[in-house]
Amino acid sequence: MPNIITITRLSLTNYRNYGSADFAFDGKSGQICGANMVGKTNALEAIEWVLTDKLLGGSSDVAQIKPLRDTKAKATAELALDADGKAITLLKEFYEKWVRHAGSAEAAMEGYCTDYTVNGAK
């Protein structure tokens, strides 16, 4: 019998146009409905990013997931799955790495960081 994995929940914080969003799925079928330009594709892209480290279309430019209103905010996507009756939670956090070097009054952005957590363990 094949393994069956279903998405039960998607939670987003500071992900593109979402300040905070929570999508619950019944494990059988899921729909993300809404008017144009409200973030339906962004929600699907978050699922792709958590599972593959890529964005839709295969892009690896994940810096574009940061919210435009505050690019220093940590973007998070949490995906809850049911794998043959076992709950699995995948959490991905993406943020800018800011460092203030000795003798400098200002911090400089030195790149990006991505933290991965599975069932609460990094």
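For the structure, check the block above.
Keep in mind the model is a prediction, meaning the values are calculated, not measured.

Despite not being glycine, Arg 16 has its phi angle at roughly 50 degrees, a positive value. In this structure, Arg 16 sits in the loop between β1 (5-15) and β2 (18-24).

Let us now look at the nonpolar core. Residues Leu 10, Leu 12, Tyr 15, Phe 23, Trp 49 and Ile 65 are the most contacted members of the largest nonpolar core, which totals 21 residues. The set of elements that each furnish at least two residues to this core consists of β1, β2, α1 (40-52), β3 (75-83) and β4 (86-99). Not counting chain neighbours up to four residues away, the residues in contact with Leu 12 comprise Tyr 18, Gly 19, Ser 20, Ala 21, Phe 23, Ala 43, Ala 46, Thr 76 and Ala 77.

Before going further, it helps to examine the pairing of β3. Burial runs high along β3: seven of the nine residues are buried. Relative to β3, β1 is paired through eight bridges, and the arrangement is antiparallel. Residue pairing across strands places Thr 13 opposite Thr 76, the latter belonging to β3. Across nine bridges, the pairing between β3 and β4 is antiparallel. Bridging from a neighbouring strand, Glu 78 pairs with Leu 91 of β4. What sits between β3 and β4 in their antiparallel hairpin is a turn of two residues, with Asp 84 showing a positive phi close to 50 degrees.

Cut-offs applied
Residues numbered from 1 in each chain as written. Predicted model: local features only at pLDDT ≥ 70, side-chain atom pairs only at ≥ 80, totals over all residues. Heavy atoms only, no water. Helix = DSSP H or I, 4+ residues; strand = E, 2+ residues; numbered from the N terminus. Core = buried A, V, L, I, M, F, W, Y, C linked by side-chain atoms within 4.5 Å. Buried < 20%, exposed > 50% of the residue type's maximum accessible area, 1.4 Å probe, protein only. Contact = heavy atoms within 4.5 Å. Pairing = 2+ DSSP bridges.

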